[in-house]
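Geometric and topological summary
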Amino acid sequence: EKNTVTFIVLDHGYFADGVPMGPGRTDWTKGHLSVEQWRWLDGVLAAAKGKVIVFSHWRLDPMGHGGLAALDADRMRKVVASFAGHHHYGDYMNIDGIGYYCLKAMCTGSGTENNSYAEVSVYPSGKVQVTGFRRAESKIWTP
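Described in the following lines is the structure provided in the data block. (Residues numbered from 1 in each chain as written. Predicted model: local features only at pLDDT ≥ 70, side-chain atom pairs only at ≥ 80, totals over all residues. Heavy atoms only, no water.)

**Digging into the overall build of the chain**
Of the regular secondary structure elements, the chain holds one helix and eight strands. Beginning at the N terminus, the succession of helices and strands in the chain can be written as β-α-β-β-β-β-β-β-β. Each of the 143 residues in the chain was classed as buried or not, and the buried ones make up 41%. Pairs at least 24 residues apart make up 46% of the contacts formed inside the chain by residues separated by at least 6 positions. For the chain, the accessible area works out to roughly 7,700 Å², and carbon and sulfur atoms hold 54% of it. (Helix = DSSP H or I, 4+ residues; strand = E, 2+ residues; numbered from the N terminus. Buried < 20%, exposed > 50% of the residue type's maximum accessible area, 1.4 Å probe, protein only. Contact = heavy atoms within 4.5 Å. Areas by Shrake-Rupley, 256 points an atom, 1.4 Å probe, with all protein chains shown as cover.)

In structure tokens form, the structure reads like this:
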């Protein structure tokens, strides 16, 4: 069980008051999880026996604030890897063994040369390897 990986996909498309963003009611600098998602997520994190990897649109790293990260990101420090978008130019940082990988956007240019995609491998040792293709960068880290 210690070598298991739990994958989580989050929707930060809510305001702090729990109201969902939508047509005519959107602010891409104020992403939050809904109360229901937090209840679910807290249970999943508590039950996870091994590593946890999170996918979200908003960045979860503490450097992504100011519209680039989910405003409730500080609650997510139990993960070994976080994959996000939102910051179109991409980024990577490792903070206390947690790899925060922000994939470059495919909407910043036309043609296949502007594609950005990656393959992720997670090893029993804890090593996480991202193999980037086209504009995506490759990274390796061990929590």
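**Here's the deal with helix H1 (residues 35-47)**
Over its 13 residues, H1 runs 19 Å from end to end, which matches the ideal 18 Å to within 8%, given 1.5 Å per residue. All buried positions along H1 are accounted for by Gln-37, Trp-38, Leu-41, Val-44 and Leu-45. End-on view of H1: buried residues confined to an arc of 130°, all on one side of the axis. Facing away from the buried side of H1, by more than 90 degrees, are the exposed residues Glu-36, Arg-39 and Ala-46. (Expected span 1.5 Å × (residues − 1). Arc of directions from axis to C-beta.)

**What to know about the side chain of Ser-34**
By the element assignment, Ser-34 lies in the loop between strand E1 (5-9) and H1. For Ser-34, a relative accessible area of 3% translates into the label buried. Side-chain polar atoms of Ser-34 contact the backbone nitrogen of Gln-37, separated by 3.1 Å. (Polar contact = N/O pair within 3.5 Å; in protein donor to acceptor, adjacent residues only side chain to side chain.)

**Points about a nonpolar patch on the surface**
On the surface, Phe-7, Val-9 and Phe-55 cluster together into a nonpolar patch covering about 310 Å² of accessible area. Assignment of secondary structure puts Phe-55 in strand E2 (residues 51-55). Overall, Phe-55 belongs to the partly exposed group, its relative accessible area being 31%. (Patch = residues over 30% accessible without salt bridge, like charges linked within 9 Å, V, L, I, M, F, W, Y side chains within 5 Å. Salt bridge = Lys/Arg side-chain N within 4 Å of Asp/Glu carboxyl O.)

**A closer look at the pairing of strand E5 (residues 98-102)**
Most of E5 is tucked away, with five of its five residues classed as buried. Every second residue of E5 is oriented toward a common face, with Ile-98, Tyr-100 and Cys-102 on one face and Gly-99 and Tyr-101 on the other, all of them buried.

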